[in-house]
Each structure stands twice: as C-alpha cells, then as structure tokens.
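Survey of secondary and tertiary structure
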Amino acid sequence: MEIEPAEEVKEPPRIHRLDEPVVNRIAAGEVIQRPVSAVKELVENSLDASSTSISVLVKDGGLKLIQVSDDGHGIRYEDLPILCERHTTSKLSKYEDLQSIKSMGFRGEALASMTYVGHVTVTTITRGQLHGYRVSYRDGVMENEPKACAAVKGTQIVIENLFYNMIARRKTLQNSADDYTKIVDLLSRFAIHHIDVSFSCRKHGAARADVHSVATPSRLNAIRSVYGLLVAQNLIKIEASDHDPSSSVFEMDGFISNSNYVAKKTTMVLFINDRLVECTALKRALEVVYVATLPKASKPFIYMSITLPPEHVDVNVHPTKREVSLLNQEVIVEKMQSVVESVLRNSNESRTFQEQTVEATPSVPSVTNNDLHLSPSPSGSKSQRVPVNKIVRTDSSDPAGRMHAYLYKNPQKYLGRDSSLTTVRSSVRQRRNLKETADLTSIQELINDIDSKCHSDLLDIVRQSTYVGMADDVFALLQHNTHLYLANVVNLSKELMYQQVLRRFAHFNAIQLSEPAPLQELIMLALKEEDLDLESNENDELKKKIAEMNTQLLKQKSEMLEEYFCIFIDSDGNLSRLPILLDQYTPDMDRVPEFVLCLGNDVGSIV
Ligand code: ADP
Ligand code: MG
C-alpha cells in the first residue's frame, strides 16, 4: 500500500456532472419514499382526471404490485411518449399558475419518479375511442410502442417491483410491517373528503375490499361507511369562516368527536384547499383543546376541510406535496382552536364541563420549583390591580416582573440572547408544522411511543412558558402563569435532539463540510484522546486497526447512513455531509472525530 506524504497539499476534488439516471433516481427516491407515497400520487392523478370511481389493488404492501384504476378522462395517445418524462404535466404551464392551481399534481414528477424506482405499465383510453393503449416505461422512457388493447373507460396504472434498484430501502420496507395499513388509511381519508367519488382498496388475493365507499351526498354517511358507526354517531358538525382580510380569510367545515368518543390515537383528517395534508401544529393545538375542555378527554377524531384564498397557500414546499405552508398560520390555528372549543362546550348543554386546571407535577425532575413568585414591577401599569403573585409574563422582554436582577448572568456562554432564541424557537415551530417523519413503521412506533408518554400538562407548561434566563450552567428559568420553573437544559436539549432526529428521519437537510474529511484520520484523532492502556507502539497499531475497521464498516453502511441520516461518506472514506438536526444550529465541529468514532462503534453494534 502506498502512503502519500502527509505534507502534500491536497488538490481540490474535481466537480463533475452526475449521470442523468443517477440524478433522476435520487430525485425519484424523494418523491416516492415508500409504497403509500406512490399510491397517493396515483390516486391524486385519478382525482385530477375527474374520475368518479377509483380502485386500488396492492400486493406485498405495494412492493410487488400497486394497481390504480380509474374512470377518468384518460391520456391521449400522442402524449404517451412523454408521459413519464420528468417535468411533463398537463396541469401547469407557467410559474404564475402555481398561485391558483386547483389540481393536486403540477410538478410532473410522480409518474417519472415511479419509472426510476419500479416498472410502470399504463393502460388508458380516451373518450370516443374504440380501443385503448398499453405501454410500459422504465427510467422515464417507453420500453416499446404503445400497443392497442381492449380497455374500459379511464386509466389503469400498474407499478411492479417498487424499489427493485434501491436495495437498502427495499430491505427496510420488507422488514417493517408492510405499507398496506397506511394505504388503507390513505384511501379512507380520501373517501371521506371526496364524497362524490367511490373508492375501493383491496389486498391482492383478498375477496373483500378493506375500503369500500360509494358516492354519497352526505359526509356523515361517508364517514360511517369508512370509519364505522361508533365514530359516526359521536361526531359534531363544525363550521366557521372569516372574511376579514386584516386578520384571516378562510372557510372551514368538518366533524369533530364529542365527549362520548373513545380512542387511543388522534385521527386528524385535514384537507386544505382539497389537498390532503398534515399540519402537526394544528393537530396538537386541537388535542390541547380536548384535554382542556372535556373532563375525561379521549384522543379526538377530527375531519376538517379548510378553504383559503389560493394565494395564501404555498403548495410547492415539498416534493411529495404533503405539506403546504400557509399565510397567517398561527392566526388560523388559533381560530380553529377557539371554534372547536366553543363547539365542544356547547355540544352538550346538560353536561357541565369541568375546567381542567393545569398544575405543575412535582414528580417531574426537570420542573423542580413551582413556588417562586414574581416580584411586582415597580412601574408596570398592568400590575396596579393585579395581585403580586398573579402577574403573568407574556413576553421575555416584558418589563412587568423583571427577574434579571436576580439572575446569575453569563450571556456569552449561554443561549442568553433572546433574539437568537426567538429565531430558533420560531424555526422549531415552523419545522414542527411540516410532517417530516419518515414513514418507516419502526420510526413511527418510536414517535408514537414519545407521543403516548407525553405529559400534556407539562407540555402545556413548556409551550406556554416564557424564557426568563439561565440560572446556572444547567438550569434555565421558565415562567408559566404565576409559577417559575427551573428546567434542566442539558436533558431537555438531548430529548429535543432525539425527537428531532425521529421526526426528520430520512428527511434531513445537510450541513456540507467545506472539505471532505477522511474518516480514518478523524477516528485516529478521537482515539488519540483515549488511552488504551498498552505499550505505546502496540497502542498505535491497535488504534490504526480500529480506525481502519471502523472506516471500512462505515463505508459499507454509507448507503443507509446517507438515506436515513444524511451522513454522506464517499467511496474513498471521506465524510462530506452531516445532518441538520435543528435549524440554525451548527454543532461544535471539534466534536466531529468523537462523533464519527461513536458512529463506527454504534453502526458496528447493529450489524
Ligand atoms: P402531475 O400530476 O404533477 O402533472 P404526474 O407525473 O403525476 O404529474 O402525471 C403526469 C401527467 O400524466 C399528468 O399531468 C396527467 O396529464 C397525466 N396523467 C397521469 N395519471 C393520469 C390518469 N390517471 N388519468 C389521466 N391522466 C393522467
Ligand atoms: Mg400527479
């Protein structure tokens, strides 16, 4: 083995264009993350094609076969050659159209993506034609000329062997519980929103469909047929609108569960401008209302359809389009909260709802001091009529009840700068609104575990509290209502990072290292810190061995590390990218060697 002299100045690596198939496959993996994402895209295409009946057939959780058949307008013969090319669409022609787009699709990526990660066959017939056409696609192009064939009205798209060329993903999906439940869940959601369309979803070989809805004018009927009588009979209709441009403009209608409904998990079916989307902020906000309003709160069932002026919704924030970003989101969330709250309160006149008071739980170690009261503000006009112990800090810069005089100060060292804290906080909030969990069942289970262990009173305290300042190296002072709490920042940060990793799993943004760093050297650096208790010669040899083995191992696992954790290791064993766990937070780069060493050890222990 030749060893390069250490002093030699490294030339910058050459930049080259990735081959197009590579680029396309990378992009495809983002659009089609798992079988259920393919089903969503296909069903949305069918809805865009004005179908009134859509049926889905799935084999092996979608890995073997996904077949979506509709009775929509079909695809023209002339369009078949470019149908599965990237960025070919019938729905958008200029950028401005995005502002008013009504169709679900517009990026022209879904079908193309599917051809890069699976085998796609399209059978379609347009109105007035005597026969249809069938054609298969691979990597964006037709495999053969379209063949004339008998066809029923509409389009049928079949995807076989999804992820046949993405071994790591296929294996993980095979190992996790299959996607079929997710697909059934997806179709159930579509079925209760698009009540003029009939949906069915069936597992290959099964005699009965698991979702079977018929077009109906009544939403409640649709919910009954999909989610069952127990859900449907415990729902209350909700409606609200606001047309005041100075605050918010929206129309909302839906159904929410009443106090008799019992469930372990929240079901939140949210459509914004007819798009099925996720909005964790809204979901959490409504859960809080349930906890606070109903005496024995169960997790709610919520179906909500919100219509906003199209220019208030940015639909193009995510390749899978499952997130949208809204203008005035916080205002809208608050409005929905208050609507749901008042409907719940009025829903049962004969029943008296007890207010649940949020109290500190002394059993939680990080919240240790609930008896500190604020000093009155000498000049604050608000404080005139309010009892001393009732002064509530609403803003950390609020002069009422300044605590800073009592604080141990070391602004340089701590996250003491309010401005940066606010930005971090708001960006965390923003990120939370996105649905960013990887849809892997194992990850979902970990997240569910966290959610189920979440202490709602404590959550409320943390959410509604105002940061006062650091009390010492470890504890921060937080104020909630009239109580002051000491929060262990170290523990909280660890938990925050862990939860962020789960929620961003496989969707991390990257920190690009200015120069790729050789893993072996990083590991050596980290090992130098450790004393292996051997003769110095032997010691060095051993360290070198460990570094070599760990590097080898990480290189072998690079595909998985990249896909799930955005840790990028090239074939020469250089580290060039790390994940962003928290927006606007850059980790201490001096700790990278230590991190890589741990990574090597941990990856080693899971193989
Ligand atoms: P997008 O939906 O963003 O336009 P897709 O890749 O999903 O991109 O689809 C590309 C085009 O193929 C669509 O614009 C539409 O014209 C056509 N198409 C796809 N599926 C269907 C379908 N089921 N029925 C009719 N046309 C379809
Ligand atoms: Mg589409």
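Everything discussed here concerns the structure shown above.
Residues numbered from 1 in each chain as written. Chains lettered and ligands numbered in written order. Predicted model: local features only at pLDDT ≥ 70, side-chain atom pairs only at ≥ 80, totals over all residues. Heavy atoms only, no water.

Quick look at the sheet that holds strand β13 (residues 275-277)
As a reminder, the rule being used: Any two strands are treated as partners once DSSP identifies two or more bridges connecting them. Numbering of helices and strands starts at the N terminus; helices are DSSP runs of H or I of at least 4 residues and strands are runs of E of at least 2. The axes used here are C-alpha line fits, helices contributing only the stretch in contact, and every angle between their N-to-C directions lies in the interval 0 to 180 degrees. Residues are treated as being in contact if the distance between any of their heavy atoms lies within 4.5 Å.
An order of β10-β11-β14-β12-β13 is seen for the 5 strands of this open sheet, with the pairing classed as mixed. Each edge of the open sheet carries a strand with a single partner, namely β10 (235-244) and β13. When the angles between neighbouring strand axes are averaged without regard to direction, this sheet yields 20 degrees. Sheet analysis places strand β12 (residues 267-272) next to β13, joined by 3 bridges and oriented antiparallel. Note that in β13 the partner of Ile 272 across the bridge is Arg 275. Where helix α5 (residues 180-193) meets the sheet, it contacts β12, β13 and β14 (301-307), and its direction lies at approximately 55 degrees from that of β12. With respect to the sheet, helix α8 (residues 280-293) is in contact with β11 (248-257), β12 and β14, its orientation differing from that of β14 by roughly 130 degrees.

What about the packing of aromatic side chains?
Stated formally: Between the rings of Phe, Tyr and Trp (Trp by its six-membered ring), a pair exists once the centres lie within 6.5 Å; its type follows the angle of the planes, with under 30 degrees stacked, over 60 edge-to-face, and the other angles tilted. Working rule: Lys NZ or Arg CZ, within 6 Å of ring centre, within 35 degrees of ring normal, means a charge sits over the ring.
Applying the stated criterion across every chain, the model contains 7 aromatic pairs. Through pairs of rings, three or more aromatic residues link up here, namely Phe 190, Phe 199 and Phe 271. Across the ring face of Phe 163, the terminal group of Arg 169 is positioned such that the distance to the ring centre comes to 5.1 Å. Just above the ring of Phe 568 sits the side chain of Arg 577; from NZ or CZ to the centre is 4.5 Å.

Details of the nonpolar core
Convention followed: Note on terminology: a nonpolar core comprises buried Ala, Val, Leu, Ile, Met, Phe, Trp, Tyr and Cys residues joined through side-chain atoms within 4.5 Å. Exposure classes here rest on a 1.4 Å probe applied to the protein chains alone. A residue is buried below 20% of its type maximum, exposed above 50%, and partly exposed in between. Annotation comment: domain bounds sourced from an automatic or database domain assignment.
Judged by nonpolar contacts, the single largest core of 64 residues is most densely connected at Val 43, Val 56, Met 114, Leu 187 and Phe 199. Taken domain by domain, this core gets at least three of its residues from each of domain 1 (20-203) and domain 2 (234-346). In contact with Val 43, not counting residues within four places along its chain, are Ile 54, Val 56, Val 68, Leu 187, Phe 190 and Phe 199. Ranked by size, the runner-up nonpolar core spans 35 residues in total, among them Ile 272, Cys 279, Leu 282 and Leu 286.

A closer look at the site of ligand 1
Basically, it comes down to this: To be near a molecule or strand, a residue needs just one of its heavy atoms within 4 Å of it. Two N or O atoms form a polar contact when they lie within 3.5 Å of each other; inside protein one atom must be a possible hydrogen donor and the other a possible acceptor, and for residues adjacent in sequence the pair counts only when both atoms belong to side chains. In this description, accessible areas are obtained by the Shrake-Rupley approach with a 1.4 Å probe, and a residue is regarded as covered only by the protein chains that are shown. Note that Gly is not counted as nonpolar here; it falls among the polar residues with everything else outside the nonpolar set of Ala, Val, Leu, Ile, Met, Phe, Trp, Tyr, Cys and Pro and the charged set of Asp, Glu, Lys and Arg.
In the vicinity of ligand 1 there are 20 residues, among which Asn 45, Thr 89, Ser 90, Lys 91 and Gly 108 approach most closely. Here an oxygen atom of ligand 1 sits 2.5 Å away from a polar atom, N or O, in the side chain of Thr 89. The fraction of the free accessible surface of ligand 1 (530 Å²) that becomes covered by protein chains is 93%. Grouping the amino acids of the shell around ligand 1 by side-chain chemistry returns 6 nonpolar, 10 polar and 4 charged.

Notes on the sheet that holds strand β18 (residues 475-480)
A sheet is described by the order of its strands in space; here 3 strands give the open sequence β17-β18-β19, paired in antiparallel fashion. Lying at the two open borders of the sheet, with one neighbouring strand each, are β17 (466-470) and β19 (483-488). Each adjacent strand pair in this sheet contributes to an overall mean axis angle of 30 degrees, direction not counted. Where β18 and β19 come together, 6 bridges link them in antiparallel fashion.

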